[in-house]
Amino acid sequence: MSGLRLRNVVRHYGGFTAVDGVDLDIAKGELVTLLGPSGCGKTTTLRMVAGFMAPDSGDILFGERRMNDVPPHRRNTAMVFQSYALFPHMTVAENIAFGLKMRKIPAAEQMRRIGEAIDTVSLRGLEARRPGQLSGGQQQRVALARAIVTQPDILLFDEPLSNLDAKLREKVRLEIRELQKRLGVTTLYVTHDQVEALAISDRVVVMNKGRIEQVGAPEALYRQPLTSFVADFLGAANIVSGTAAGDHLVTTPIGRFSVGPERKLGSGPVKISWRPEDMRVAAPGAEANIVGARVRGVVFCGSFTELVLDVAGQQLRAQVDTGFRGREGDLLDFAVPSDRIRVVA
Amino acid sequence: MRTDRLTLLLLILPGAGFIFLFLAAAIAMTVLQSVGLYSLVGESKLTFEHWFSLADRTFVDSFLFSLKVGVGSAFGTLVFSYPLALFLRRRRYGTQLIGSIIKIPLFVPALVAAFLILNVLAFHGILNSTLLGLGIIDRPLRMLNDKFGWNVLIIQIWKNLPFQLLILAATLESIQTDIEDAARNLGASPWRVIRHIILPLSAPGILIAVVLVFILTFGDYAITKVAGPVYPSSLSVLMYTEAFTLQQWGSAACIGVVITFASLLFVAIYARAARAVAEIGQ
């Protein structure tokens, strides 16, 4: 088992730069997620780690070993595919055995490890079935068992949950995380689902247009986005352009905001961002960071109520508790706590 | 649901009905003629003498020759078509051009193909002239009308290669690249990916390709007539000789029945193979 390092990795497709200088260190046993919209280069990066394609420049290292020229079958990675990619002509047991057979593991040990893997993913009794006779969730388990049974140095996931329904997705997400922690295997996980990324990862890598926008622990990334792209991609964000006016003050078309103390601003144009759930209906008499907004929409979402607000032509979103009794057309004051406002690029 | 079925039936009736009617009628006539009924020459009476007359050396030799050409062409073509299909599978520079050139024999009728290759392989043909000119051989090689039927096999392979290639390419196309990637990822070298994944998954397609070429070549007339050995002839050539040279319509009908039912037997195998393909596809 080893860590994974990417050094300035670049990959082109024809004239298109899919991955544009990615640098990333993943520690032993860490689960890191590549998150981004389609075409951001996350799957290409994953496929380069697996060895299905070579970087045009840069290095891929497992531990200290440079892997660029090592073919996929000598890399000791194991991948769970979005389509599961089970072998349709083999039974569940044969599918799981495949990696062991290729590694010429003795038959007795094969039996033992296959049995273990089948128990781990709770597939007892289905060993003799073909993939075509299994449900989507069961196929997903076979794919997972087939990957972990080989005891890979690096475990790779390519949107493994996207073909499952929402309920099952949450359950399997937890199971994958638990299993990964127990095995302590270095894991690279690709998804475009921000909730999945936040829930499963030690660290999340947000990618955009082939580049890394920001790397961080889920909460840090969510609370302290550095760019408007990250703020907007991870959850929803209200992003407002303005001008710095002093160290902790930003003037915008919708009012003046005092911002958190951890960063000094110079002068010139800046963007500020805050989460919809950080907006509150202002208490009477409050003065700091007040926005007078017209309520344009009230949407009941179960555990919270979502408001669509209009402030001098700029649309904002707020999440308030379900006790909210305002109506469309109301003019209300909202407060944004200064420590929740982030200055973003 | 009921009207849907009726509509479907009406839609396929013109095509399928036409084929069924003529096929059934022709097969029935031939079978009847082989036992002396419906005779076109002489009187009609039930007899098995035509069938007994087949039990001679000439028929057996022709049957074995046709079987040899059928099996030899089917598998001989596969030896070339499968590796080629594997190679053409990945789109690389030039594969499209190669793929197009290879399809040319599809558009050349069998008789024309036989004559074309005749010119190459003949006693004073292009190949012999070249070899003589280069001083590699002293005397022209006899490559035509040889007793074994090598030249028939060569022409059949040339002619049927694109046909098998089309079937195999479609079969290989249907294997998801993810499945291949998964095998490589789990430690299979390129050769083992072919052996453990691609070969078994394309086996039904291989069977179809082999059976179809067998049926096409087992009943061949033109190529054997032009390039085949003087003796034995293929079943189709023998059938023609019996009917038009020897006026033995009854025996000819018997041979026709043999060719048809041998082919039908292989169609049955083909149908099973097609079902297996459908199952794996699920």
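Preceding this paragraph is the structure being described.
Residues numbered from 1 in each chain as written. Chains lettered and ligands numbered in written order. Predicted model: local features only at pLDDT ≥ 70, side-chain atom pairs only at ≥ 80, totals over all residues. Heavy atoms only, no water.

Novice: Give me the lowdown on the interface of chain A and chain B, citing residues and values where you can.
Specialist: With 24 residues of chain A in contact, the opposing surface of chain B contributes 19 residues. Surface buried jointly by chain A and chain B totals about 1,900 Å² across both partners, of which 63% is contributed by carbon and sulfur atoms. The largest per-residue losses of area from chain A upon contact with chain B belong to His73(A), His89(A) and Met102(A), which jointly make up 31% of the total buried on that side. Counting every contact that joins chain A to chain B gives one salt bridge. Across the pair Asp181(B) and Arg47(A) runs a salt bridge whose closest N-O atoms are separated by 2.9 Å. At the surface where chain A touches chain B, the tally comes to eight residue pairs in polar contact (both at pLDDT 80 or more). (Contact = heavy atoms within 4.5 Å. Buried area = accessible area lost by both parts, 1.4 Å probe. Salt bridge = Lys/Arg side-chain N within 4 Å of Asp/Glu carboxyl O. Polar contact = N/O pair within 3.5 Å; in protein donor to acceptor, adjacent residues only side chain to side chain.)

Novice: Which residues make up the sheet that holds strand S4 (residues 57–62) of chain A, and what values go with them?
Specialist: All names here are of chain A. Reading across the sheet, the four strands line up as S2-S1-S4-S5 and stay open at both edges, with antiparallel pairing between neighbours. Strands at the two margins of the open sheet, each flanked by one partner only, are strand S2 (16–26) and strand S5 (65–66). Bridge count between strand S1 (residues 4–13) and S2: eight bridges; the pairing is antiparallel. Note on S2: the bridge partner recorded for Tyr13 is Phe16. Each of S1, S2 and S4 touches helix H1 (residues 42–50); the most contacted strand, S1, lies at about 115° to it. (Pairing = 2+ DSSP bridges. Helix = DSSP H or I, 4+ residues; strand = E, 2+ residues; numbered from the N terminus. Axes fitted to C-alpha atoms, helices over the stretch in contact; angles between N-to-C directions.)

Novice: Describe the nonpolar core, naming the residues involved and giving the relevant values.
Specialist: Counting residues in each nonpolar core, the largest one holds 71 residues, and the members touching the most others are Leu4(A), Phe87(A), Phe98(A), Leu188(A) and Ile197(B). The element that contributes the greatest number of residues to this core is helix H9 (residues 190–218) of chain B, accounting for eleven residues. Apart from residues no more than four positions distant in its own chain, Leu188(A) is found in contact with Leu4(A), Ile26(A), Val32(A), Leu34(A), Leu46(A), Val49(A), Leu155(A), Leu156(A) and Phe157(A). (Core = buried A, V, L, I, M, F, W, Y, C linked by side-chain atoms within 4.5 Å. Buried < 20%, exposed > 50% of the residue type's maximum accessible area, 1.4 Å probe, protein only.)

Novice: Could you give an account of the side chain of Thr227(A), naming the residues involved and the relevant values?
Specialist: Residue and element names in this part refer to chain A. One can find Thr227 in the loop between helix H7 (218–223) and helix H8 (228–233). When its relative accessible area of 14% is taken as the criterion, Thr227 is described as buried. A distance of 2.9 Å separates the side chain of Thr227 from the side chain of Glu213, its partner in a polar contact. Contacts of Thr227, omitting those with residues within four sequence positions, involve Glu213, Gln214, Val344 and Ala345.

Novice: Just give me the short version of helix H5 (residues 166–183) of chain A, but keep the residues and values in it.
Specialist: Given 3.6 residues per helical turn, the α-helix brings residues three or four places apart onto the same face. Residues and elements named next belong to chain A. Its 18 residues give H5 an end-to-end C-alpha distance of 26 Å, which sits within 8% of 26 Å, the value for a rise of 1.5 Å per residue. Those residues of H5 not exposed but buried are Val172, Arg173, Ile176, Arg177, Leu179 and Gln180. Within H5, the buried residues cover an arc of 165° as seen down the axis, which keeps them to one side. What points out from H5, more than 90 degrees from its buried face, is the exposed set Lys167, Leu174, Glu178, Lys181 and Arg182. Packing partners of the buried residues in H5 comprise strand S3 (31–35), helix H3 (107–120), helix H4 (136–148), strand S7 (154–158), strand S8 (186–191) and helix H6 (194–200). A positive backbone phi angle near 60° is found at Gly184, which sits one or two residues after H5. (Expected span 1.5 Å × (residues − 1). Arc of directions from axis to C-beta.)

Novice: Break down unusual backbone geometry for me, citing the residues and quoting the values.
Specialist: Negative phi is the rule for most residues except glycine; trans is the rule for most peptide bonds. Between Tyr231(B) and Pro232(B) the backbone carries a cis peptide bond, its omega angle lying at -5°. Note that Pro232(B) resides in the loop between helix H10 (222–227) and helix H11 (235–245). For Ser122(A), which is not glycine, the phi dihedral falls at a positive 55°. Inspection of the secondary structure assignment puts Ser122(A) in the loop between H3 and H4.

Novice: Can you break down the packing of aromatic side chains residue by residue, with the values?
Specialist: Aromatic ring pairs are described here by two measures, namely the spacing of the ring centres and the angle between the planes. Tallying each qualifying case throughout the model produces 13 aromatic pairs over all chains. Judged by centre distance (5.3 Å) and plane angle (35°), the rings of Phe157(A) and Tyr189(A) are tilted. A residue pair is termed long-range when its members are at least 10 positions apart, and Phe157(A) in strand S7 and Tyr189(A) in strand S8 qualify at 32 residues. Ring centres 4.8 Å apart and planes at 35° place the aromatic pair Tyr240(B) and Phe244(B) in the tilted group. With Tyr240(B) and Phe244(B) both in helix H11, this residue pair falls four residues apart, about one helical turn. For Lys68(B), the ring lying beneath its charged end belongs to Phe148(B), and the centroid distance is 4.0 Å. (Phe/Tyr/Trp six-rings, centres within 6.5 Å; stacked < 30°, edge-to-face > 60°. Lys NZ or Arg CZ within 6 Å of the ring centre and 35° of its normal.)

Novice: A description of the sheet that holds strand S16 (residues 290–300) of chain A should follow, citing residues and the corresponding values.
Specialist: Residues and elements named next belong to chain A. Spatial strand order, S15-S19-S16-S17-S18: five strands in an open sheet with antiparallel pairing. The open sheet has two edge strands, strand S15 (280–281) and strand S18 (314–320), and neither has a second partner. Two elements, S15 and strand S19 (residues 331–335), share two bridges in a ladder whose sense is antiparallel. From the neighbouring strand, Val281 faces S19, where its bridge partner is Phe334.

Novice: For the pairing of strand S11 (residues 238–244) of chain A, give the residues involved together with the corresponding values.
Specialist: Residues and elements named next belong to chain A. Of the strand pairs in this sheet, S11 and strand S14 (residues 268–274) are connected by seven bridges, and their pairing is antiparallel. Within the sheet, the bridge partner assigned to Ile239 lies in S14 and is Ser273. In the sheet, S11 pairs with strand S12 (residues 249–252) via two bridges, with the strands oriented antiparallel. Along S12, the bridge assignment pairs Ala244 with Val250.

Novice: Run through H3(A), naming residues and quoting values.
Specialist: Residues and elements named next belong to chain A. A rise of 1.5 Å per residue sets the reference length of H3, with its 14 residues, at 20 Å; its end C-alpha atoms lie 20 Å apart and thus fit the reference within 8%. Residues of H3 that are buried: Gln110, Arg113, Ile114, Gly115, Ala117 and Ile118. Its buried side turned inward, H3 meets helix H2 (92–102) and H4. Looking one or two residues beyond H3, the residue adopting positive phi is Ser122, at roughly 55°.

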